[in-house]
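Structural overview
Here are the chains, one letter per residue:
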Amino acid sequence: MTKYLLYMVQMHLTFRRAELESLADLYNIKINLDSYDEQSPFLILDLENDKQAQNLVKRSILCKAIYEYWGEGENYDKLHENIQNGDGYEGRKLNCKSNTFKFEFESFGGNHKKTMKDKINTINQFAYLELDGEIDLKNAQDTYTLIETYDLINSHETSKMASHIYFGRLIQRSDRSAMDVFDLKKRPYKGTTSFESELSLVSCNIAQVKPGTIMYDPFAGTGSFLVAGGYYGALVMGSDIDGRMIRGKGASYDITENFKYYKMEQQFLDVMTMDFTHNSLRSNLIIDTILCDPPYGIRESIKVLGARDPTKFEGKEDIEINGEKAFLRKDYIPTKKPYSLDSLLDDILQFASERLPINGRLAFWMPTANDENVETIIPLHENLELKYDCVQEFNKWSRRLLVYINRGDEFNGPENHGTKRSTTNFRDRYFTNFN
Ligand SMILES: C[S@@+](CC[C@H](N)C(=O)[O-])C[C@H]1O[C@@H](n2cnc3c(N)ncnc32)[C@H](O)[C@@H]1O
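Note that this is a predicted model, so its numbers are computed, not measured.

Description of the sheet that holds strand E11 (residues 268–273)
Pairing in this open sheet of seven strands is mixed, and the strands run E11-E10-E9-E12-E17-E19-E18 from one edge to the other. Of all strands in the sheet, those with a lone pairing partner are E11 and strand E18 (384–393), marking the two edges. Ignoring which end each strand starts from, the neighbouring axes of this sheet average 20° apart.

The following block contains the structure:
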């Protein structure tokens, strides 16, 4: 086993751990998180080899990078001593004799840029490594990285001197640059419901969306999760009750256009206009992952196909216009009736339990108000293991990414379908500012 230093972002903390565990599981990597600390962006991990370290981090959004761990200290003297006394130091040093190299400087806790002179002085302190290889700033074989951490002195100031320093050899940078690629600002087709890129990508990682599998978003809207899923190599399909979302805004602004823009057309199966509660996907179609952001009922209340008072429509199926059944005409607008978020979430869980393969994941976002001493009741299904409940806090409300694994009929887990979980109407509360 070799020690590696994982450098993570210090945000979305519940998502961070879930993403790390999910990626480790996806690549069959055993990691021990006993020393994982939510308050720290650093974690030292024992892994079998560099390949494992690469796999763990290459598609991560909430990690920054992983390094072969060489040492640490509360000042430079202690750091150098620690490096030279480290297990395997002599073996690691051998590469320094021949490999091309460069140094990188990172800081955590404030923006502490070093001058070139400071950098050269710091690098010169590493003469004991006998770095005889050429310096190569573009394609170095080894990138040695110093990460200095600075403490907060008060709410707006950090210490001038680093309080801790880590040193390691870069193994793999994470994929945070994908956040810019999928930034909504640059996306051709988007709308008010589009989901921001960072947490769309993280959601895919936690849902373990993988190449060659089928991912389905039943509330596709403008397709934010579909493009994220396509990026991870899944074949994606979606549906939405609102045909306007599916049709987009003219020929050059629709979900297909986004896939062209990202050069991922081959990942896109299709989208269709469909009420999720009247799902027409054939029942033996294997869906490997379901990832969605169901309607919260904020912009408009939740509606599904049907009539509030079905008796009003009795016998009307036979109405014809110009010899064509009215309900088969293109301009037919079906009636809709209100539906509760509780029932919709029950339906999603039931659908996932029927359609996902064993160990397949369902991940969806759910809003909760957090200004009351009211327990948030998470929807549960007897076949689905609730694996993660990751919370993104806003001022007066929060939203959660709930992630379930289908364990099948034998699982017999706790369930609460059919129960009223939300005590108050989230939409009303949202518009009255949760007072
Ligand atoms: C929160 S938005 C999802 C937005 C989407 N993630 C995106 O990137 O734009 C919820 C979507 O669910 C759709 N919807 C509402 N009720 C539905 C139903 N019964 N069946 C299918 N879609 C529904 C809405 O039209 C809306 O587009």
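Quick notes on the environment of tyrosine 76
Relative to the helices and strands, tyrosine 76 resides in helix H3 (residues 76–84). Residues tyrosine 76 and serine 163, 87 residues apart in the sequence, show an inter-C-alpha distance of 10.0 Å. Setting aside chain neighbours within four positions, we find tyrosine 76 in contact with Lys114, Thr122, Gln125, Leu146, Glu148 and Ile165. Within the local environment of tyrosine 76, its side chain forms a polar contact with the side chain of glutamate 148, the two groups lying 2.6 Å apart.

Description of the environment of aspartate 175
Considering the arrangement of structural elements, one finds aspartate 175 in the loop between strand E8 (164–173) and helix H6 (178–181). For the pair aspartate 175 and arginine 59, spaced 116 residues apart in the sequence, the C-alpha separation amounts to 5.2 Å. Not counting the four nearest positions on each side in its chain, aspartate 175 is found in contact with Val57, Lys58, Arg59, Ser60, Ile61 and Tyr231. A polar contact is formed between the side chain of aspartate 175 and the side chain of tyrosine 231, at a distance of 2.5 Å.

Calculation criteria
Residues numbered from 1 in each chain as written. Predicted model: local features only at pLDDT ≥ 70, side-chain atom pairs only at ≥ 80, totals over all residues. Heavy atoms only, no water. Pairing = 2+ DSSP bridges. Helix = DSSP H or I, 4+ residues; strand = E, 2+ residues; numbered from the N terminus. Axes fitted to C-alpha atoms, helices over the stretch in contact; angles between N-to-C directions. Contact = heavy atoms within 4.5 Å. Polar contact = N/O pair within 3.5 Å; in protein donor to acceptor, adjacent residues only side chain to side chain.

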